[in-house]
Protein chains: 6
Amino acid sequence: MEAQNNCFIGCEKSFDESSAIIFGAGFDGTTSFKPGARFAPSAMREDSWYIESYSPYFDKDLEDLNLFDFGDLELPYGDKKTALRIIQEHVQEIIDANKIPIMIGGEHLVSLAPIKALSKKYDDLHIIHFDAHTDLRNEYLGEALSHATVLRRIYDQLGDDRLNQFCIRSGLKEEFQWAKTHSHLEKFTYNTLEERVNVLKNKPVYITIDLDVFDPSVFPGTGTPEPGGINFHDMLKIIETLSKLENVVGMDVVELSPKYDTSGASTAVACKTLRELILATVK
Amino acid sequence: MEAQNNCFIGCEKSFDESSAIIFGAGFDGTTSFKPGARFAPSAMREDSWYIESYSPYFDKDLEDLNLFDFGDLELPYGDKKTALRIIQEHVQEIIDANKIPIMIGGEHLVSLAPIKALSKKYDDLHIIHFDAHTDLRNEYLGEALSHATVLRRIYDQLGDDRLNQFCIRSGLKEEFQWAKTHSHLEKFTYNTLEERVNVLKNKPVYITIDLDVFDPSVFPGTGTPEPGGINFHDMLKIIETLSKLENVVGMDVVELSPKYDTSGASTAVACKTLRELILATVK
Amino acid sequence: MEAQNNCFIGCEKSFDESSAIIFGAGFDGTTSFKPGARFAPSAMREDSWYIESYSPYFDKDLEDLNLFDFGDLELPYGDKKTALRIIQEHVQEIIDANKIPIMIGGEHLVSLAPIKALSKKYDDLHIIHFDAHTDLRNEYLGEALSHATVLRRIYDQLGDDRLNQFCIRSGLKEEFQWAKTHSHLEKFTYNTLEERVNVLKNKPVYITIDLDVFDPSVFPGTGTPEPGGINFHDMLKIIETLSKLENVVGMDVVELSPKYDTSGASTAVACKTLRELILATVK
Amino acid sequence: MEAQNNCFIGCEKSFDESSAIIFGAGFDGTTSFKPGARFAPSAMREDSWYIESYSPYFDKDLEDLNLFDFGDLELPYGDKKTALRIIQEHVQEIIDANKIPIMIGGEHLVSLAPIKALSKKYDDLHIIHFDAHTDLRNEYLGEALSHATVLRRIYDQLGDDRLNQFCIRSGLKEEFQWAKTHSHLEKFTYNTLEERVNVLKNKPVYITIDLDVFDPSVFPGTGTPEPGGINFHDMLKIIETLSKLENVVGMDVVELSPKYDTSGASTAVACKTLRELILATVK
Amino acid sequence: MEAQNNCFIGCEKSFDESSAIIFGAGFDGTTSFKPGARFAPSAMREDSWYIESYSPYFDKDLEDLNLFDFGDLELPYGDKKTALRIIQEHVQEIIDANKIPIMIGGEHLVSLAPIKALSKKYDDLHIIHFDAHTDLRNEYLGEALSHATVLRRIYDQLGDDRLNQFCIRSGLKEEFQWAKTHSHLEKFTYNTLEERVNVLKNKPVYITIDLDVFDPSVFPGTGTPEPGGINFHDMLKIIETLSKLENVVGMDVVELSPKYDTSGASTAVACKTLRELILATVK
Amino acid sequence: MEAQNNCFIGCEKSFDESSAIIFGAGFDGTTSFKPGARFAPSAMREDSWYIESYSPYFDKDLEDLNLFDFGDLELPYGDKKTALRIIQEHVQEIIDANKIPIMIGGEHLVSLAPIKALSKKYDDLHIIHFDAHTDLRNEYLGEALSHATVLRRIYDQLGDDRLNQFCIRSGLKEEFQWAKTHSHLEKFTYNTLEERVNVLKNKPVYITIDLDVFDPSVFPGTGTPEPGGINFHDMLKIIETLSKLENVVGMDVVELSPKYDTSGASTAVACKTLRELILATVK
């Protein structure tokens, strides 16, 4: 008698069989308003079974891909550097095996770890980033490593012309200013996404979706709800556009904080976003 | 001194005076994810008093119709066959008195009972169905009678060319496949509704609204929230189209699970949907 | 060592330095369905710090204005007349000092107090009103002073051609009838707003936003959720239009009931609406 | 076909058949902290069906008594005087028919109305009162009629040596001082209850239970939770003692605010308290 | 890379190594009030990691035993007979391997399945049962198989003098009557537990704990909260008494409904009860 | 016009006038289960106004003492060392002015900061500690500074015979072992408290109350609910015993996480505990 597996729906293959590896990185130690993103990976795993593995949008099924769900990394909530190191080492193992890492956060800071690992393998790594917030501060409350600085730290890693940010609707004036010369940042909308995707078609691309890009009506279960975001139909259009990318080398969805939405609607949104994103970009 | 009546707003006539009869059928015994639709009828009755009986959309008032609210049927949660039998007998009484049954679910399985009763009276009964889910499985977890199979069971009753399904966005690949030859199923949207309504204008029509057809942002209070649905403005357009039907012989709204939306917004949506639907279709 | 101040974000100036004065009037004593608007001012103050003071929509910052947050008035919940008197006296102090009152409700009845005070100063005061409900009853449950009669009482104060009501989607038939000759009332939408703003451009205008004008998907945290409302993008368009007014002499946002939305999304919507409204209209 | 009745469990007799009459008086307009007691009567009615009508404590059944549940009075929340008048007139009807009024509040202020009515009939009416709070202020926030003054107003009606207060654990120093000469007030406990019941055995007695007499662990669903109260076993002992009273002429349970306890445990406590109280005191 | 296991704390051994086997049977299809016990097993597994595996009460550690957690059985919610059959077959496998089944419910009906399996192996099987409710009806809402009839069905299996019921505080008069001749039923308390444990010391005993035996203050997260129950200190005394049993052949804890207690306190109570029960009875 | 102050009830004096200074230190960055203690200080401040400032237990009033409430320290959630440094500096300022620091946490780690500051002033500082958990690990998830290690770090500061721990009911076997030679640790109960208070009567004592010492029934609003704790009557007895201490030099209450108890009962318990503790120990 073997113990039952509690994986994300449609991810029942072994590590060796799989081309992409899901794992949870539920760190939320720098969250400044309402922490709780640590509970996202297990909530998404459990509720994923109540959406289907089949997508009528793409007419594809997760079960037709080869996907393995590792489960969650054990991370110390009070020690962000150790947490990032553990994540990065885990991603290194995945990419060393020529597989694509798919991370469920946690707060947005965790995105730094896989991008650091991937930037060693791909020296022309580009980032496509959806978010309500710029995340471009140089420091936040005296901290260089924070959910509010993560894109700036990624910039430190990758340099100019690598960040592509969409739907951004909140930040300091200075951040928007800074972005003008260092990032492709589109305020409020994603009109330029298709154009950027065409440019990046064959480049190695990492996609990071801070789920607070959704309007709080669609996604109340997050630490810093910011009104004025996109709805789920927008996300479907975005993912259809992203499906034209030919070399997606990693991806994450972050900032679901499930206990703030007891209806479970936010968790369903996170699950379906991840399902569509995988079906669109993992070959 | 008489006990106060707790009816749905505007339904204060007696059975004999009324042309349409509201009743609750709060069965949710086959719900596979989050049960609780049993609490819908009483929640809707209580909260209906905080929307008005007057609709500025149709410039009509529930109080100008003749409506009776029976209250709730007592149903055994662990025995779906008995539950369906009790509902069907109750509907039979209503249609024997030449009145229109208006049912508040409960899970979607309950729709089978009034349709069975009505199909004996109207041999060309047609169904107009709004839902997130196909509900066309032949069985689900080994059960032939389930919220996930209910439209298939209705099909068994009525046969080809009777089901008209709109806004469907989730199901198995096989279900969508099956629908191609047995049902008029429109994925995601309701663009063909007007055309179908024109065809069915004088036919006896039963309308069943699984309220999870709404996007979870609009309607989080349901057992299986499925992102990507319609908003309330869409529902108003749908109901305006339905108002052209001249022979609506029964209707239901199902799958409100009020305890999953403590704000009460979902219950308000259910109440207002039902108010507009009645004003549009009950003559 | 001085006690820390708990003001609304960006409102850290002194009374004397400031051109506009924020205060809370958390009265909800006539609420007929779900009371709790009394908790709105303190919830908005606390959560305002998690939106920014900078608006990328207007490219303006609350900190560049001169704003003082007084805190909350102490009001007796069981005595509406005394409550209204206390608010009116407080507003009188503000306008005597040539400053603009910005009130956070509370239920909608509180709007009567600042409008009474301002109508003495400006005899051509006009009202721009956003709401789900007409609020035009002459009395409600036998009460002349109620959240459901407040616009009628304001009419009693100001007379014909002063009320401009938008997005109204619920009320009695009689109210809509009455409005035809006494108020500019636009049902459902705000298509005529721009035209009215052009007419009122140089007039003294008071803006009152009953936050239940939002659809409950956007704003579930309110006492009487009414489906079919506007979304946050609509509100941004509305506020942009309002920014053309040159003589806004007071404003309020009312009917947030934060405990009914434990996710905090409604509070965030209220805060951001107020931030944008201030940036658009306070010079 | 008759509409189903939604009464409190075991209260299915007609008015005329019955010796005691239950009704709801869900007024909460003077609540100073968290309003919501208005929702108590309908919540108790609905959930009463999930406790039994039979008590193994008293080996008695509600169905063996003759009880009628009128339903709820319609009360204006913003007008305490009118609300009290409506309640008093309703109680007058009940006692004119020689029946015992059993009121479900609402906030504690509502107790004033039946006591006023009963004090006209019984000039030696005594009160037995369980509460966390003294409720003996002469005025509260400038209001003479308030949940915090209600026992003082009852005193005004009845005079010295009529109030018997137990388990009181919160109040102003002045209130405790005042009580020393005007009320039998036992702080914290109910050790003197038996002695007082023996004295009052044949007197007409009104019992008023402010449910916040329970510790918040037992009864979190109330507007002003006050730690340090009694548990349910204490209440059973209290009610057993009260069963020795031979002339209970009225009773109430007040201050359940069901929406603050989404688990439903507080509502169950209120229902079972009321069941036991009725079985103990209604002959 | 192996997938992480999500077992109950301290249950990390393999099936073959283990002397006792934990599994989840989250069926709740006959629940008459508030369903949701289906979510208990996964909630307990996740939260068990935040109590310790070490008990300072027994000075023992779960990790010193040999325990395997199978995970959850997949059960059809709408088909109680199939659900019971699947559970019984699973238990048969466990006892065929000479291991002790430890079941996490689900509603109380699930207890019937392991007891049926065990009664074939042990013809002198005795039951020790803790509950708020008698569960002795012969049928409930027309159903013979129900959470409210389960002990009666167990009686049908085992006969007189096998049921030992403690802390029972709710039921029909007839059930208490029936119990007098067929069951050892102690109302309200557990004073006779020690005596019964002494008698049953060497007999094969199955322990079933309906967690609603706890007072709702301790355990609000259950479908039918019944005031007047025991507290956690009582449970510790009960379990210490149970530790004298020398032949416990199976056990279960049922009726946690975690979504009704969003604080997680009920889940913690369930986990710690199970930890102590295992440490006390599994050798 | 001055801004209204939002202090803890009865703490309206200035810093200079006061003998004791309340402040909030809402750090919760190392919380391993459910974070949210950061919201405790503002929740307690707001809700403190709905208990009285007068205690009928001690017949004393907070307003008769001289108390100042500073408000909250701004602390970086992702940087525990900086957070502890800011708290320690703030406490240093308070003790330099010969005033008593009264801290509202935050997670338990924050207690380390005031104790460090006080240990420099009082070289015979003793700790009286109430908690569910030992908090004596040498490290936790690789972190030396953690809520689970804080008493061990305090030990590092003060040495043997300084820690007095009561009501401890959870920890590793090793921790209980270690405590035998380094700490006065009483498991489960507080029977030895009086004896220890007599010994420490004239010593400088710091009191730290981890509010999870309460049973979760009394205090569900905490990150790691641990069944089997004390009730509020126990706490009153504890505080009465503590009132015999003649040199209490600092105190804190920590680990309220208000968002996990939406009823507000836990916040009320925290407020009343703090009120009684201040009245008992601040002269």
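Looking up chain A in an unreviewed UniProt entry gives the name Agmatinase, with the organism given as Poseidonibacter ostreae.

**Q** I'd like a rundown of the interface of chain A and chain F, residues and numbers included.
**A** Facing 22 residues of chain A, the contacting portion of chain F comprises 22 residues. Of the roughly 1,600 Å² buried where chain A meets chain F, counting both sides, 57% is carbon and sulfur surface. Three residues stand out in chain A for area buried against chain F, namely Pro35, Gly78 and Leu141 of chain A, and they jointly supply 27% of the buried area on that side. Put simply, chain A and chain F have zero salt bridges between them. Here chain A is connected to chain F by eight residue pairs in polar contact (both at pLDDT 80 or more). Here the residues of the side of chain A that touches chain F are counted per class, giving eight nonpolar, six polar and eight charged.

**Q** Talk me through the packing of helix α7 (residues 232–242) of chain E against helix α8 (residues 265–281) of chain E; I want residue IDs and the actual numbers.
**A** Residues and elements named next belong to chain E. At a minimum axis distance of 9 Å, the contact between α7 and α8 shows a crossing angle of 20°. Here α8 runs roughly parallel to α7, going by the angle between their axes. In this structure, α7 meets α8 at a crossing whose hand is right-handed. Note on element contacts: α8 touches α7 through Val269, Lys272, Thr273, Glu276, Leu277, Ala280 and Thr281, opposite Phe232, Met235, Leu236, Ile239 and Leu242. Among the residues making up the contact of α7 with α8, the classes are represented as eight nonpolar, two polar and two charged.

**Q** Talk me through the arrangement of the chains; I want residue IDs and the actual numbers.
**A** Considering only C-alpha positions, the minimal separation of the non-contacting chain A and chain D is 12 Å. Across the gap from chain C to chain E, with no contact made, the nearest C-alpha atoms are 12 Å apart.

**Q** Explain the relation of the copies chain A and chain F to me, and be specific about the residues and the numbers.
**A** For the pair chain A and chain F, the superposition axis carries a translation of 0.0 Å, the fit reaches an RMSD of 0.0 Å, and the rotation angle comes to 180°. Such a combination of turn and shift is consistent with a two-fold rotation axis. Relative to the rotation axis, the C-alpha of Gly29 of chain A is the closest in chain A, positioned 2.7 Å from it. Both copies contact each other with a shared surface, as 100% of the interface residues of chain A are interface residues in chain F too.

**Q** Outline the relation of the copies chain C and chain F, listing residues and values.
**A** After a rotation of 180° and a shift along the axis of 0.0 Å, chain C superposes on chain F with an RMSD of 0.0 Å. Of all interface residues in chain C, 100% are interface residues in chain F too; the two copies therefore contact each other through one and the same surface.

**Q** Tell me what's going on with the interface of chain C and chain F, and back it up with residues and numbers.
**A** Between chain C and chain F, the residue contacts involve 18 residues of the former and 18 residues of the latter. Considering only the side of chain C, the residues that lose the most area to chain F are Met1, Gln4 and Phe70 of chain C, jointly responsible for 43% of the buried surface there. One can count zero salt bridges joining chain C with chain F. Linking chain C with chain F are four residue pairs in polar contact (both at pLDDT 80 or more). Of the residues forming the side of chain C that touches chain F, the biggest block, five residues, is contributed by strand β4 (residues 67–72) of chain C.

**Q** Can you break down the environment of Tyr57 of chain C residue by residue, with the values?
**A** Its place among the elements puts Tyr57 of chain C in the loop between β2 (54–55) and β3 (60–61). Taking relative accessible area as the criterion, Tyr57 of chain C reaches 23% and is therefore assigned partly exposed. In this structure, Tyr57 of chain C is in contact with Arg169, Phe188, Pro227 and Gly228 of chain A together with Leu236, Lys272, Arg275 and Glu276 of chain C, ignoring residues within four places of it in sequence. At 3.1 Å, the side chain of Tyr57 of chain C forms a polar contact with the side chain of Lys272 of chain C.

**Q** An account of the packing of aromatic side chains is needed here, citing residue identities and associated values.
**A** For the structure on display, the rule yields 54 aromatic pairs over all chains. Summarising the aromatic geometry, the rings of Phe39 of chain A and Phe33 of chain F are spaced 6.3 Å apart at their centres and angled 75° between planes, so their arrangement reads as edge-to-face. In this pair, Phe39 of chain A sits in the loop between β1 (20–25) and α1 (40–48) while Phe33 of chain F sits in the loop between β1 (20–25) and α1 (40–48), so the two residues belong to two different chains. Note on Phe33 of chain F: relative accessible area 5%, which makes it buried. Taken together, the ring pairs in this structure connect Phe33 of chain A, Tyr50 of chain C together with Phe39 of chain F into an aromatic cluster. When the ring centre of Phe176 of chain E is taken as reference, the NZ or CZ atom of Lys187 of chain E above it lies at 5.8 Å. Above the plane of the ring of Phe39 of chain F lies Lys259 of chain F, whose end atom (NZ or CZ) is 4.5 Å from the centre.

**Q** Which residues make up the UniProt feature "binding site: Mn(2+)" (unreviewed entry) in chain A, and what values go with them?
**A** Residues and elements named next belong to chain A. The UniProt entry lists His108, Asp131, His133, Asp135, Asp210 and Asp212 under the feature "binding site: Mn(2+)" (unreviewed entry), expressed in the numbering used here. These annotated residues cover 105 residues of sequence, but their C-alpha atoms sit close together, with the largest distance between any two at 12.2 Å. By secondary structure assignment, the location of Asp131 is in the loop between β6 (126–130) and α4 (150–158). Once you skip the residues sitting within four places of it in the chain, Asp131 turns out to touch His108, Phe166, Cys167, Ile168, Asp210, Asp212 and Val213. A polar side-chain atom of Asp131 sits 2.9 Å from the main-chain amide nitrogen of His133. Among the secondary structure elements, Asp212 is positioned in the loop between β9 (205–210) and α7 (232–242). A relative accessible area of 4% places Asp212 in the buried class.

**Q** Before we move on, could you go through the sheet that holds strand β4 (residues 67–72) of chain E and cite the residues and values that matter?
**A** Strand pairing in a sheet relies on backbone hydrogen bonds, with the paired strands running either antiparallel or parallel. Residue and element names in this part refer to chain E. Taken in spatial order, the eight strands of this open sheet run β4-β1-β5-β10-β9-β6-β7-β8, and their pairing is parallel. The open sheet has two free edges, formed respectively by β4 and β8 (184–187), since each of these has just one partner strand. Shown here is a sheet whose adjacent strand axes are inclined to one another by a mean of 15°, direction ignored. In this structure, strand β6 (residues 126–130) lies alongside strand β9 (residues 205–210), joined through five bridges in parallel fashion. When the sheet's bridge partners are listed, His126 is paired in β9 with Val205. Sitting on the sheet, α8 is in contact with β1 (20–25), β4, β5 (100–105), β9 and β10 (248–254), with an inclination near 175° to β10.

**Q** Tell me what's going on with the side chain of Asp135 of chain D, and back it up with residues and numbers.
**A** Inspection of the secondary structure puts Asp135 of chain D in the loop between β6 (126–130) and α4 (150–158). The buried charged residue Asp135 of chain D lacks any salt bridge partner; its closest oppositely charged side chain belongs to Arg137 of chain D, at an N-O distance of 7.1 Å.

**Q** Please give an account of the pattern of salt bridges that cites residues and values.
**A** This model, assessed by the stated rule, comprises 72 salt bridges over all chains. A salt bridge links Arg38 of chain C to Asp28 of chain C; the shortest N-O distance between them is 2.6 Å. Pair noted here: Arg38 of chain C is in the loop between β1 (20–25) and α1 (40–47) and Asp28 of chain C is in the loop between β1 and α1, with a separation of 10 residues, a long-range link. By relative accessible area, Arg38 of chain C is classed as buried at 8%. Each of Arg45, Asp69 and Asp72 of chain A takes part in one network of salt bridges that share partners.

Cut-offs applied
Residues numbered from 1 in each chain as written. Chains lettered and ligands numbered in written order. Predicted model: local features only at pLDDT ≥ 70, side-chain atom pairs only at ≥ 80, totals over all residues. Heavy atoms only, no water. Contact = heavy atoms within 4.5 Å. Buried area = accessible area lost by both parts, 1.4 Å probe. Salt bridge = Lys/Arg side-chain N within 4 Å of Asp/Glu carboxyl O. Polar contact = N/O pair within 3.5 Å; in protein donor to acceptor, adjacent residues only side chain to side chain. Nonpolar A, V, L, I, M, F, W, Y, C, P; charged D, E, K, R; others polar. Axes fitted to C-alpha atoms, helices over the stretch in contact; angles between N-to-C directions. Helix = DSSP H or I, 4+ residues; strand = E, 2+ residues; numbered from the N terminus. Parallel < 35°, antiparallel > 145°, perpendicular 65-115°, else oblique. Left-handed = near helix turned anticlockwise from the far one by under 90°. Least-squares fit on C-alpha atoms with pLDDT ≥ 70 in both. Buried < 20%, exposed > 50% of the residue type's maximum accessible area, 1.4 Å probe, protein only. Phe/Tyr/Trp six-rings, centres within 6.5 Å; stacked < 30°, edge-to-face > 60°. Lys NZ or Arg CZ within 6 Å of the ring centre and 35° of its normal. UniProt positions renumbered as here; feature names shortened; annotations may be inferred. Pairing = 2+ DSSP bridges. Lys, Arg positive; Asp, Glu negative; His and termini not counted.

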